[in-house]
Amino acid sequence: MSAQFPEREAPRARDLAALDERLTHCRACPRLVAWREQIGREGRKAYADWDYWARPVPGFGPADAAMLVVGLAPAAHGGNRTGRMFTGDRSGDVLFTALHAIGLASQPLPTGPDDGMRLRGVRLTAPVHCAPPANKPTPWERDTCRTWLVRELTLLRPTVRSLVVLGAFGWQAVFPALAAAGWSVPRPRPVFGHGARVTLTASDGGQDLQVFGCYHVSQRNTFTGLLTPAMLREVLAAAARAAGLPEPGRL
Ligand code: SF4
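The structure displayed is predicted, hence computed values, not measured ones. (Residues numbered from 1 in each chain as written. Predicted model: local features only at pLDDT ≥ 70, side-chain atom pairs only at ≥ 80, totals over all residues. Heavy atoms only, no water.)

Moving on, we get to the sheet that holds strand S6 (residues 209–214). Two modes of strand pairing occur in sheets, parallel and antiparallel, and in both the strands are linked by backbone hydrogen bonds. An order of S2-S1-S3-S6-S5-S4 is seen for the six strands of this open sheet, with the pairing classed as mixed. Because the sheet does not close on itself, it has two edges, and the strands there are strand S2 (122–125) and strand S4 (183–184). Across the sheet, helix H9 (residues 229–242) lies against strand S1 (67–70), strand S3 (162–166), strand S5 (197–202) and S6, angled at about 180° from S6, the strand it touches most. (Pairing = 2+ DSSP bridges. Helix = DSSP H or I, 4+ residues; strand = E, 2+ residues; numbered from the N terminus. Contact = heavy atoms within 4.5 Å. Axes fitted to C-alpha atoms, helices over the stretch in contact; angles between N-to-C directions.)

Below, the structure is given as structure tokens:
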């Protein structure tokens, strides 16, 4: 399978379900394929009873989401193990706890694909869909995976009104994808910062998109207090309001 797989397959997906399914067959990045599969074979003692997913991890959430959260890439023993974005590691727990607190997730602590978790109006995704060594994709891997994100954004355009980007890597990765999906991106590109907010107009006269910057939910940020639960909830709640999502209610 070649590096052209995303360019060939992503545009053919007519809806998000088809896109998510095609994505799971991607082997375009040799280094990431080798890593995700090696992690899957070796596992970790604490997860000895798990059969690791060890494939690209698709986005998670409704196909008519009004809000999108974009991270970096799946964690080796998190999403790469469970097959679901932000599921199975501490970073994901922090994110889901905040989403649950503002009424967008049905549970605070995801455990795996069979936990019954539901998201309301929000979808989670990443610019790189395979777990990278040391959580560091190369620029080539980021750019190769962009085709999937562009198609995801294009399919979400009828409903998505706000986007939260977790961390500087995601921020750098998302703007070229947004431009390719039909939004006008200012030049110079907006600078990342926690609490940054940018309004993008649609280049074809469609709906605006509100883009929010937020520190990543990595353990490095949350353990040191750079990102507190209150700071995360504040950005997510602002993005939910910008997306027109109703106030918290029961899922
Ligand atoms: Fe494919 Fe993206 Fe994984 Fe690369 S990172 S192999 S482009 S899904």
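Another aspect to go through is the packing of aromatic side chains. Within this structure, the stated rule accounts for four aromatic pairs. With centroids separated by 6.0 Å and ring planes inclined at 50°, the aromatic side chains of Phe 5 and Trp 148 adopt a geometry described as tilted. Here the residue Phe 5 occupies a position in helix H1 (residues 5–9), and Trp 148 occupies one in helix H6 (residues 139–156), the gap between them amounting to 143 residues. Taking relative accessible area as the criterion, Phe 5 reaches 7% and is therefore assigned buried. Given a relative accessible area of 2%, Trp 148 falls into the buried group. Judged by centre distance (5.6 Å) and plane angle (65°), the rings of Trp 171 and Phe 192 are edge-to-face. With a gap of 21 residues between them, Trp 171 in helix H7 (residues 168–180) and Phe 192 in the loop between S4 and S5 connect regions that are remote in the sequence. Since its relative accessible area comes to 1%, Trp 171 is described here as buried. According to the relative accessible area criterion, Phe 192 is partly exposed, its value standing at 21%. Grouping aromatic residues by their ring pairs yields a cluster made of Trp 171, Phe 175, Phe 192 and Tyr 215. Just above the ring of Phe 60 sits the side chain of Arg 84; from NZ or CZ to the centre is 4.5 Å. Of note, Arg 157 hangs over the ring of Trp 183, and the distance from its end group to the ring centre comes to 5.0 Å. (Phe/Tyr/Trp six-rings, centres within 6.5 Å; stacked < 30°, edge-to-face > 60°. Buried < 20%, exposed > 50% of the residue type's maximum accessible area, 1.4 Å probe, protein only. Lys NZ or Arg CZ within 6 Å of the ring centre and 35° of its normal.)

Look at helix H5 (residues 90–101): 17 Å from first C-alpha to last across twelve residues, which is about the 16 Å you get at 1.5 Å a residue. Among all positions of H5, only Ser 91, Gly 92, Asp 93, Val 94, Leu 95, Phe 96, Ala 98 and Leu 99 are buried. (Expected span 1.5 Å × (residues − 1).)

This part covers the site of the ligand. What surrounds the ligand is the set Leu 23, Cys 26, Ala 28, Cys 29, Leu 32, Pro 56, Val 128, His 129, Cys 130, Thr 144, Cys 145 and Trp 148. More than half of the atoms belonging to the ligand lie within 2 Å of the grid points that define the largest cavity. The element that contributes the greatest number of residues to the shell around the ligand is H6, accounting for three residues. For the shell around the ligand, the per-class residue count stands at ten nonpolar, two polar and no charged. (Near = heavy atom within 4 Å. 1 Å grid on protein atoms, 1.4 Å probe; cavity = no way out; pocket = protein on both sides within 12 Å on 5 of 7 lines; lining within 4 Å. Sits in = over half its atoms within 2 Å of the grid points. Nonpolar A, V, L, I, M, F, W, Y, C, P; charged D, E, K, R; others polar.)

The next point concerns the packing of helix H2 (residues 16–23) against H6. Viewed as axis vectors pointing N to C, H2 and H6 meet at an angle of 170°, and their least axial separation amounts to 10 Å. When the interaxial angle is binned, H2 and H6 end up roughly antiparallel. Note on element contacts: H6 touches H2 through Trp 148, Arg 151, Glu 152, Leu 155 and Leu 156, opposite Leu 16, Leu 19, Arg 22 and Leu 23. (Parallel < 35°, antiparallel > 145°, perpendicular 65-115°, else oblique.)

Tracing the chain through its elements places Thr 82 in helix H4 (residues 79–82). Setting aside its immediate chain neighbours within four residues, Thr 82 contacts Trp 50, Trp 53, Thr 87, Gly 88, Thr 111, Gly 112 and Pro 113.

Now for empty space enclosed by the protein. Per the counting criterion, the structure on display carries two cavities of 30 Å³ or more. There is about 100 Å³ of room inside the largest cavity. Lining the largest cavity we find 17 residues, and of these Cys 26, Cys 29, Leu 32, Cys 130 and Cys 145 sit closest to its centre. Counting residues per element, the ones that place at least two in the lining of the largest cavity are helix H3 (30–42) and H6. A per-element tally of the lining of the largest cavity places H6 first, with four residues. For the lining of the largest cavity, the per-class residue count stands at twelve nonpolar, two polar and three charged. Here the second largest cavity is characterised by a volume of approximately 30 Å³. Leu 19, Asp 20, Leu 23, His 129, Trp 148 and Glu 152 are the residues that line the second largest cavity. (Points joined across faces, edges and corners; volume = space filled by probe spheres on them.)

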